[in-house]
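Listed here are the chains, written in short residue letters.
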Amino acid sequence: MKSPPSSSPSSSSILRKTHLSPFLFTLLAFIVFVTILYSDDFSCIFSQLEYSSLSGPPNSISRIMKNKKLPFAIGETKDGCDVFSGSWVHDDSRPLYEEAECPYIQPQLTCQEHGRPDKDYQHWRWQPHGCSLPSFNATLMMETLRGKRMLYVGDSLNRGQFVSMVCLLHRLIPENAKSMETVGSLTVFTAKDYNATIEFYWAPFLLESNSDDAVVHRIIDRVVRKGSINKHGKTWKGADIVVFNTYLWWMTGLEFKILQGSFEDEVKDIVMVSTEDAYRMGMRIMLRWVKKNMDPKKTRVFFSSMSPSHQKSIDWGGEPNKNCYNETKIIEDPNYWGSDSRKSIMKVIGEVFRKSKVPITFLNITQLSSYRKDAHTSIYKKQWNPLTAEQLANPVSYADCVHWCLPGIQDTWNELLFAKLFYP
């Protein structure tokens, strides 16, 4: 009998010699076909193996670079610890500062000054399941910011978080060595001895819109210009730490207006798209800007999820036609998700971030904030317009269930930011 050749057999001889080979051959061909067809997607997936994915339900989304030391990191979070999953624990050592001690809080957020009778909303600490948040260290934060620029970009909710950060840090700085100045859309807190700034830039959509005036922007018929991030983005260049947010201003209905040309055009080319598609466009453009302008070896970029509102008390089992007014207790149902927080938008964020190669840390504040119907400014804030007799007779009608009292929950957002900055 002739011995078999020592060299590897050809494909045809394999097919002849085994009954399973046609199946294997077909499977191999299919794998090659799929790889070619979805090469871009596979490339994206493989490039992100060093990151945790944005998979899972909206309340468990996270995005953290793995196996690579990030700028500013001094440690890491315990494996398996999701700092965004936990519960609120009453803590009499809170708040981290007093309202009266921080002169930078806008009158829209100073609830005690405007007559709120209780303080219990200030005494809650976020406790992750199975681990703990690192204590906020103002000295470490300020030393890290020495010679640096930290920038919050977005709407009034991000401005509240910016003010919270200033309140958490300003006591370290002598009175004659700090200042706060607003010019147009940009507000800058300067710590002179540290050569550092903490800034807020008003851009509720991140892209150019007809709501870009930092003071006069209450426009019902909102329009966003497609692909127009550079109008604002030129101001963001050079920042070392950037915290983006955008959500609330997109929520005008099921559809949204997108301007194809320029706001200067005499005849404007405006198209209607679904709110999800409009938001997806904004996310993609933001990520492209980050990829082009932020050096991942030297800078950090964060994106905060939607800040929930509490406009409908029936969501948590309350009376119809009520809202956050007079609410002083937290929501204890761990599965609570309010109707004002669109899961379809969380899905868009997950899809866009998961496909992106841009290193960005996701701050999932939505679920933990959803439990805090007690923490809104409600009626305890400066009212920019005189209240009518009808409003005064029905406080529910003018209660602000969107913004948050300071000190309060936005300090927790910054504690989470601190944790992800130093212990990713």
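Scoring rules and cut-offs
Residues numbered from 1 in each chain as written. Predicted model: local features only at pLDDT ≥ 70, side-chain atom pairs only at ≥ 80, totals over all residues. Heavy atoms only, no water. Helix = DSSP H or I, 4+ residues; strand = E, 2+ residues; numbered from the N terminus. Buried < 20%, exposed > 50% of the residue type's maximum accessible area, 1.4 Å probe, protein only. Contact = heavy atoms within 4.5 Å. Areas by Shrake-Rupley, 256 points an atom, 1.4 Å probe, with all protein chains shown as cover. Polar contact = N/O pair within 3.5 Å; in protein donor to acceptor, adjacent residues only side chain to side chain. Salt bridge = Lys/Arg side-chain N within 4 Å of Asp/Glu carboxyl O. Patch = residues over 30% accessible without salt bridge, like charges linked within 9 Å, V, L, I, M, F, W, Y side chains within 5 Å. Lys, Arg positive; Asp, Glu negative; His and termini not counted. Charge placed at Lys NZ, Arg CZ, Asp CG, Glu CD.

## Overview of the overall build of the chain
Here's step 1: Scanning the chain from terminus to terminus reveals 11 helices and 14 strands.
Here's step 2: Considering the chain as a whole, with its 424 residues, one finds that 53% of them fall into the buried category.
Here's step 3: Summarising the internal contacts of the chain: among those between residues at least 6 apart in sequence, 75% fall at separations of at least 24.
Here's step 4: Per element, the accessible surface of the chain, about 20900 Å² overall, is 54% carbon and sulfur.

## Overview of the side chain of E327
Here's step 1: As for its position among the elements, E327 is in the loop between β11 (300-304) and α8 (343-355).
Here's step 2: Polar side-chain contacts of E327 include one of 2.6 Å to the side chain of K373.
Here's step 3: For E327, the contacting residues outside a window of four places in its chain are R116, W316, K373 and D374.

## Some details on the pattern of salt bridges
Here's step 1: Taken as a whole and assessed by the stated rule, the structure comprises 16 salt bridges.
Here's step 2: Across the salt bridge formed by D374 and R372, the nearest N and O atoms sit 2.8 Å from each other. Across the pair, R372 and D374 agree in class, each one buried.
Here's step 3: A salt bridge links K381 to D400; the nearest nitrogen and oxygen atoms lie 2.7 Å apart. Remark: D400 occurs in strand β14 (residues 400-404) and K381 occurs in the loop between β13 (376-378) and α10 (389-393); sequence separation between them is 19 residues.
Here's step 4: What makes K381 buried here is its relative accessible area of 15%.
Here's step 5: Each of D277, R280 and E351 takes part in salt bridges that share partners, so that together they form one network.

## Some words on the environment of M283
Here's step 1: You can see M283 is positioned in helix α7 (residues 275-293).
Here's step 2: Take M283: its relative accessible area is 1%, and that puts it in the buried class.
Here's step 3: Considering only alpha carbons, one finds M283 and L207, 76 residues apart in sequence, at a separation of 9.8 Å.
Here's step 4: Not counting chain neighbours up to four residues away, the residues in contact with M283 comprise T246, F303, V352 and F353.

## Looking at a positive patch on the surface
Here's step 1: Taken together, the side chains of R284, R288, R354 and K355 make up a positively charged region of the molecular surface.
Here's step 2: For the positive patch, the elements supplying multiple residues, two or more each, are α7 and α8.
Here's step 3: Locating R284 in the fold gives a position in helix α7.
Here's step 4: For R284, a relative accessible area of 44% puts it in the partly exposed group.

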